[in-house]
Amino acid sequence: MSQLYNSIEPNVIDDEMVQKAIEEQCPEDIGKLAKMEGINFKDVTELQLSFRNILQIDNLWQFENLTKLQLDNNIIEKIEALESLVHLVWLDLSFNNIEVIEGLDTLVKLQDLSLYNNRISKIEHMDTLQELQIFSIGKNNLTTLEDVIYLRRFKKLRTLNLTGNPLCDDEQYLLFVVAHLPDLVYLDFKLVSDTTREVAVLKYQDLTEPLEREEAQALAQLEENQAKQKELEYHKTAFVEYLNGSFLFDSMYAEDTEAAKLAYLPGVGDLLQAYRKEFVSVCENLFNYGLKEYEKREAEVSDFYESLHEALTANQQEGRKIILDFENRNKRRLDEIHNASSYDIAESKRAEYKEDILQLSEALMTLEMLIADQLEELIKDFKENIAVIASTFIENVKGMMTQCRDLENHYHEKLLEISITTLEKSVKNELDEDLPADVRMLLVDKNTIVNAANASHRIRLLKIDKRESDILSNTYRWQASVTEKAFQNEFDRNRDRVKEIVQYIDDLQEELDNMEILEPMD
């Protein structure tokens with residue numbers, strides 16, 4: 001039965017509780033050390049908090065690398081505060097007072113989940129747990145066999161425990177579950193036999209086949225949406241998203257009530273259609289150009305890093321050769337010092353070895369200076385090439401967006417001409433068209449209709465300007481980012497390499513300094 005706490009003092013999860021739990025689950029010697037030195041919760045991968053009268057889950061956010069968590073045999077009423085435990089693979093919440101499955105959305109790596117012996121009446125809110133392989137939800141309040149259908153979405157589920165739920169009393173329980181979850185290997189601690197599977201599939205095929213068709217359609221739709229999203233992300237990296245069609249044009253007219261009214265004027269429909277066609281054509285030209293330029297940018301970056309890698313590889317090989325030659329001599333020098341027939345000879349050999357170390361340091365530092373200068377030139381050329389690519393792209397984008405503005409200005413001029421002509425006809429009662437009342441309200445005088453047209457015109461120009469500004473801003477950001485990254489990477493590499501050389505030389509010098517030479521007795 002679920003835990004009662006009217007006679008139990010509820011506990012909260014605090015630092016003291018988890019510290020104690022970690023110490024208890026460590027071997028005795030490690031536990032003592034942890035107690036003395038403290039524990040970094042980020043290093044903990046398993047945590048057992050069973051039988052601690054915990055009422056509410058809390059204060060676990062620091063355990064960001066946790067893979068296994070036991071919270072069984074407590075008095076927990078709600079699944080919560082687990083969102084930071086994104087690496088969790090194993091979660092035990094059995095023997096608690098949980099009524100609703102929730103709060104598991106971020107646990108996308110979860111493979112083993114136990115909610116055994118709680119008060120749950122519906123299987124739900126688990127859609128993100130696509131890695132789930134083992135699920136125990138026995139001894140709850142599940143009453144309808146149809147609840148099991150929800151579990152079909154977990155394609156890796158192989159072990160399921162439902163025993164102790166009211167739905168298990170249904171005489172069709174076994175066959176229904178096996179038919180609807182055909183990949184199950186174990187159900188209620190028993191191996192599902194081939195015979196049972198065959199009977200179940202035959203009995204419920206009229207129910208499962210429509211489900212399979214629906215799931216196949218849903219999967220196809222999902223894959224289509226994912227492909228579209230992937231394509232959109234590609235367009236975004238090229239800075240030309242939503243330019244492969246009428247998206248920009250349509251956005252210019254969206255929610256513009258004045259433009260919608262003016263579209264009713266005689267001749268505006270044909271004018272608008274022609275404007276739309278030319279505008280979309282310019283957008284598509286810009287879109288295609290943007291994709292080509294993106295590939296050019298990517299090729300430039302790829303070529304740069306390939307050249308960088310080649311230069312570094314050659315330099316590293318030369319450095320390894322210098323060190324290998326030195327270490328071969330090093331062994332011989334050390335042997336000579338150890339085996340010297342006199343103190344003076346040993347000291348002479350030590351001095352020679354010290355000079356070798358100094359020469360090695362100079363050789364390695366010189367090699368590093370050479371590669372640093374070489375890479376500096378590479379990066380300088382790269383920066384210039386990137387600047388040319390970016391500026392060329394920006395100028396061409398500006399040119400195409402100017403075409404869009406020219407088309408808008410031309411359309412606006414023609415719209416004003418039609419508006420004035422229509423107004424004059426309206427004043428003379430010569431209009432053949434029966435215009436809606438809100439459109440006629442614009443035809444009261446010249447200022448009213450011109451102001452309406454000008455307002456719409458400004459809205460459309462702002463949309464064009466905004467789209468141009470977005471492309472240019474993204475291009476400038478990319479240019480700055482890709483060049484700054486190259487400079488920063490080289491700065492870090494050079495600093496680390498110099499530190500590495502200094503440390504290596506210091507270690508050699510220390511080894512030499514610590515070598516004892518026994519002065520012969522008189």
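The coordinates are above.
Residues numbered from 1 in each chain as written. Predicted model: local features only at pLDDT ≥ 70, side-chain atom pairs only at ≥ 80, totals over all residues. Heavy atoms only, no water.

1. Topic: the sheet that holds strand β10 (residues 190-191)
Right, on to step 1. Spatially, β2-β4-β5-β6-β7-β8-β9-β10 is the arrangement adopted by the eight strands of the open sheet, whose pairing is mixed. Each edge of the open sheet is held by one strand with a lone partner, namely β2 (46-48) and β10.
Right, on to step 2. Sheet topology places strand β7 (residues 134-136) next to strand β8 (residues 159-161); three bridges connect them, and they run parallel. Of the residues in β8, the one forming a bridge with I134 is T159. (Pairing = 2+ DSSP bridges. Helix = DSSP H or I, 4+ residues; strand = E, 2+ residues; numbered from the N terminus.)

2. Describing unusual backbone geometry
Glycine aside, residues mostly have negative phi angles, and peptide bonds mostly take the trans form.
Right, on to step 1. With a phi close to 55°, N53 is a non-glycine residue in the positive phi region.
Right, on to step 2. Following the sequence through the fold, N53 ends up in the loop between β2 and β3 (54-56).
Right, on to step 3. A positive phi is found at F95, a non-glycine position, where the angle reads about 55°.
Right, on to step 4. Mapped onto the elements of the fold, F95 is located in the loop between β5 (90-92) and β6 (112-114).
Right, on to step 5. The partly exposed category is assigned to F95, whose relative accessible area is 26%. (Buried < 20%, exposed > 50% of the residue type's maximum accessible area, 1.4 Å probe, protein only.)

3. Side note on the packing of helix α8 (residues 343-427) against helix α10 (residues 446-513)
Right, on to step 1. Look at α8 against α10: their axes get within 10 Å of each other, and the N-to-C directions meet at 175°. Considered as vectors, α8 and α10 are oriented roughly antiparallel to each other.
Right, on to step 2. Residue classes in the contact of α8 with α10 are distributed as 42 nonpolar, 11 polar and 17 charged. (Axes fitted to C-alpha atoms, helices over the stretch in contact; angles between N-to-C directions. Parallel < 35°, antiparallel > 145°, perpendicular 65-115°, else oblique. Nonpolar A, V, L, I, M, F, W, Y, C, P; charged D, E, K, R; others polar.)

4. Examining the nonpolar core
Right, on to step 1. M126 and F135 are the most contacted members of the largest nonpolar core, which has 60 residues in total.
Right, on to step 2. No other element matches helix α3 (residues 173-180), which puts six residues into this core.
Right, on to step 3. If near-sequence neighbours (up to four positions away) are discounted, F135 is found in contact with L113, L115, I123, M126, L151, L157, T159, L160 and N161.
Right, on to step 4. Of all hydrophobic cores here, the second largest spans 59 residues; its members include V301, V397, L431 and I449. (Core = buried A, V, L, I, M, F, W, Y, C linked by side-chain atoms within 4.5 Å. Contact = heavy atoms within 4.5 Å.)

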